[in-house]
Amino acid sequence: MIRILMLCEGTYPYFKGGVSTWTHNIVSSLDEFKFTILCVTPNPYVRERYKLPGNVDRVMNIPLWGTEIVGEHEESFSLKKFLKASRATDISTIVSDFVPHLEDFLDEIKYGCKNPDRLRDSIVAMHDYLSRHELKKVFRSKPVWRTFRDMFVGDDLYGDIRMGFLIDFARVMGHMMRILSYEYPEVDVCHSSAASLCGIPAVVQKERRDTPYLLTEHGVYMRERILDLPSDTTMIERILLVNFYRAITVLNYRCADKILPVCRFNVNWELELRVPEEKVEVIYNGVDVDRFRPMEVDVDRSRKRVVVMARIEKLKDILNIVEAMDYVRNDVPDALCEVYGPISDESYYRVCRDRVTDLNLEEHVKFMGPTDKPEVAYNRADVVAQPSLSEGFPFTVVEAMACGKPVVATDVGGVREAIGDCGIVVPARSPRKLAEGITKLLKDEELARSLGERARRRVLSTFTFRRFIEDYRRVYIEALSEKALREVARWLKS
């Protein structure tokens, strides 16, 4: 059976959301393949939120925080192996076998990756070292801290960087390098769901074993990280963070055999970062049109209802819909917005709730929590809204369209490609424009009905689940075939 290493970051199988839905759909539908799931998570205290299909043979949780010893949360953890690695880790090996590669790594990330091959080689070499030595001792050693100091303090661009920020940055890098401390399973294909840290194991496998690397990009990793930069940093510190994210993105693009964005919007970023166009193939997300369909549901139709399906976090811009509803209720006094989705950011959720209170919208905005029946929630709606600041090719939009609902959504990612002429697209971060679109459809029932019917037809013709699964089955087979051809070519050459 063909073995696939599916690489995720903060998603499947521990967190609900569009990327997790995409992953679960592929894994559960391609049962002729055997999957290992590797997920980079914030901490080890996460629980699986999906019932894993039988063709998943292992789930690797790589937590960046929450453990003192790398891998101690795993059942396979070996104290004997840890002690051996600890004894092997001393100043002399750190200086000779790790620091030179750390210097190359830092030299590349601080300027956004001028030489992807050099960055790749440094990461592979650090993986070779950290998978056999103790990470904690390495990052507590003076040579490593001196390396961070010397690589930045004496630099023409970063010479004035705050020492406190540099210390925090070095600590974060130490946590992120936990990814390099694990041995990765030998597989036939690696498939990452983001051009981010979770793609690093695929980079290593590609270099060490010539394992084909497929990269699907949902939201553009670099763009989303730029949008989420901390506000308490100086300009030079922001430049460093942006260059780090750029370097990781460029590395993934360079090493991937095929890049499979979920929409044409992502292609613009990929080409801007010098990805050859022949490496890129758009594969749109598909939905189950038998599950997501128009249906009668038990709901009070005396109120006009707007439904939002989104996690409560900054990039989903729930504040946008809250503030939009302040305008909507002026024209449609009985309007009600129901927000379905888990709370991913507690502090942001409190900000949203406080804004609801400030605007006296308690009777117009309701947070409904997560739902296992999104098809029912969509069918409660007169209008479905998507207020996000960033998206890839959102399942929520296509699912709502499949349910025959008119959609008002922000013009981000592949939203415009999904909606076509079957809904209303408005600028991001514009509550007034979002409200105008919602109000227009709430007041014009005939237009709403017409757009909903067209939306359903568009999904049936373009965004079906069958087409989506067949495309991924094909690219897996193609990746293996191309590797076989490379092996034959090498054999003939030898």
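About the thresholds
Residues numbered from 1 in each chain as written. Predicted model: local features only at pLDDT ≥ 70, side-chain atom pairs only at ≥ 80, totals over all residues. Heavy atoms only, no water. Helix = DSSP H or I, 4+ residues; strand = E, 2+ residues; numbered from the N terminus. Rg over C-alpha atoms; globule rule 2.2 N^0.38 Å. Contact = heavy atoms within 4.5 Å. Areas by Shrake-Rupley, 256 points an atom, 1.4 Å probe, with all protein chains shown as cover. Lys, Arg positive; Asp, Glu negative; His and termini not counted. Charge placed at Lys NZ, Arg CZ, Asp CG, Glu CD. Pairing = 2+ DSSP bridges. Core = buried A, V, L, I, M, F, W, Y, C linked by side-chain atoms within 4.5 Å. Buried < 20%, exposed > 50% of the residue type's maximum accessible area, 1.4 Å probe, protein only. Salt bridge = Lys/Arg side-chain N within 4 Å of Asp/Glu carboxyl O. 1 Å grid on protein atoms, 1.4 Å probe; cavity = no way out; pocket = protein on both sides within 12 Å on 5 of 7 lines; lining within 4 Å. Points joined across faces, edges and corners; volume = space filled by probe spheres on them. Nonpolar A, V, L, I, M, F, W, Y, C, P; charged D, E, K, R; others polar. Patch = residues over 30% accessible without salt bridge, like charges linked within 9 Å, V, L, I, M, F, W, Y side chains within 5 Å. Axes fitted to C-alpha atoms, helices over the stretch in contact; angles between N-to-C directions. Right-handed = clockwise from strand over helix to strand, strands pointing away. Arc of directions from axis to C-beta.

K.L.:
I keep staring at the overall build of the chain and nothing clicks. Help me out?
P.N.:
Regarding its fold elements, the chain presents 19 helices and 12 strands. Expected size for 494 residues packed as a compact globule is a radius of gyration near 23 Å; at 24 Å, the chain falls within 12% of this value. Based on the C-alpha atoms only, the size of the chain along its principal axes is roughly 75 × 55 × 40 Å. When contacts within the chain are restricted to residue pairs at least 6 apart in sequence, long-range pairs at least 24 apart make up 74% of them. Of the roughly 21,600 Å² of accessible surface on the chain, 49% is carried by carbon and sulfur atoms. For the chain, the centre of its 73 positive side-chain charges and the centre of its 76 negative side-chain charges are spaced 2 Å apart.

K.L.:
So what exactly am I meant to see when it comes to the sheet that holds strand β1 (residues 2–9) here?
P.N.:
Sheets are built from strands that pair by backbone hydrogen bonding, the pairs being arranged parallel or antiparallel. The sheet built from 6 strands is open, its strands ordered β3-β2-β1-β4-β5-β6 with parallel pairing. On the outer flanks of this sheet lie β3 (56–63) and β6 (258–259), each paired with one strand and no other.

K.L.:
Explanation requested: the nonpolar core in the structure shown.
P.N.:
One broad trend across soluble globular proteins is that nonpolar side chains are buried collectively. The biggest cluster of nonpolar side chains holds 74 residues, and the ones touching the most others in it are Phe98, Phe105, Phe148 and Met177. Counting residues per element, this core draws most heavily on helix α10 (residues 235–255), which supplies 11 residues. Core analysis: the next-biggest nonpolar cluster, separate from the first, contains 55 residues, Cys8, Cys263, Val307 and Tyr472 among them.

K.L.:
Sorry if this is basic, but what is going on with the pattern of salt bridges here?
P.N.:
Opposite charge on two side chains allows them to pair when their charged atoms are near. For the structure on display, the rule yields 41 salt bridges. Residues Arg120 and Asp121 are paired through a salt bridge, measuring 3.0 Å at the closest nitrogen-oxygen approach. The exposure class assigned to Arg120 is buried, which follows from its relative accessible area of 18%. Between Arg486 and Asp210 there is a salt bridge, with its nearest N and O atoms 3.2 Å apart. Residue Arg486 is found in helix α19 (residues 465–493), and its partner Asp210 is found in the loop between α8 (200–209) and β5 (213–215); the two are separated by 276 residues along the sequence.

K.L.:
Any chance you could explain the layout of surface pockets here in plain terms?
P.N.:
What the second largest pocket holds in volume is close to 760 Å³. Ile69, Val70, Gly71, Leu135 and Ser181 are, among the 32 residues lining the second largest pocket, the residues nearest its centre. Contributions of two or more residues to the lining of the second largest pocket are made by β3, α2 (79–88), α5 (135–139) and α7 (163–176). For the lining of the second largest pocket, the element with the highest residue contribution is α7, accounting for 4 residues. For the lining of the second largest pocket, the per-class residue count stands at 12 nonpolar, 9 polar and 11 charged.

K.L.:
When you look at a nonpolar patch on the surface in this model, what are you seeing that I'm missing?
P.N.:
Nonpolar side chains collect at one region of the surface, where Leu157, Met235 and Ile239 lie side by side and expose about 260 Å² of accessible area between them. Relative to the elements of secondary structure, Ile239 occurs in helix α10.

K.L.:
So what exactly am I meant to see when it comes to the sheet that holds strand β10 (residues 383–386) here?
P.N.:
Judged by pairing direction, the sheet is parallel, and its 6 strands sit side by side in the order β9-β8-β7-β10-β11-β12 without closing on themselves. Of all strands in the sheet, those with a lone pairing partner are β9 (365–369) and β12 (424–426), marking the two edges. With strand direction ignored, the average angle separating the axes of adjacent strands in the sheet is 20 degrees. Two elements, strand β7 (residues 305–309) and strand β8 (residues 336–340), share 5 bridges in a ladder whose sense is parallel. Residue pairing for β8: Val306 is matched across the bridge by Cys337. Packing against the sheet, helix α17 (residues 431–443) makes contact with β7, β10, β11 (407–410) and β12, and its axis sits at approximately 165 degrees to β12.

K.L.:
Explain the pairing of strand β2 (residues 33–41) to me, please; I cannot follow it from the model alone.
P.N.:
On a regular strand, one side chain projects to one face of the sheet and the next to the other, so that they alternate. Of all 9 residues in β2, 8 are buried; the element is thus mostly enclosed. Judged from the 8 bridges that link them, β1 and β2 form a sheet pairing that is parallel. Within β2, the residue paired with Ile4 across the bridge is Phe35. Viewed along the sheet, the connection from β1 through helix α1 (residues 18–29) into β2 turns out right-handed. Pairing between β2 and β3: 7 bridges, direction parallel. Each bridged residue has a counterpart across the sheet, and for Cys39 the counterpart in β3 is Asn61.

K.L.:
Hey, could you run me through helix α11 (residues 264–272) in this one?
P.N.:
An α-helical segment advances 3.6 residues per turn. Residues three or four places apart therefore align on the same side. Buried within α11 we find Asn266, Val267 and Glu270. Angularly, the buried residues of α11 cover 105 degrees about the axis, an arc narrow enough to put them on a single face. Facing away from the buried side of α11, by more than 90 degrees, are the exposed residues Asn268 and Glu272. Elements that come into contact with the buried residues of α11 comprise α10 and β6. Arg274 lies just past α11 and shows a positive phi near 70 degrees.

Any functional reading would require information that these geometric values do not contain.
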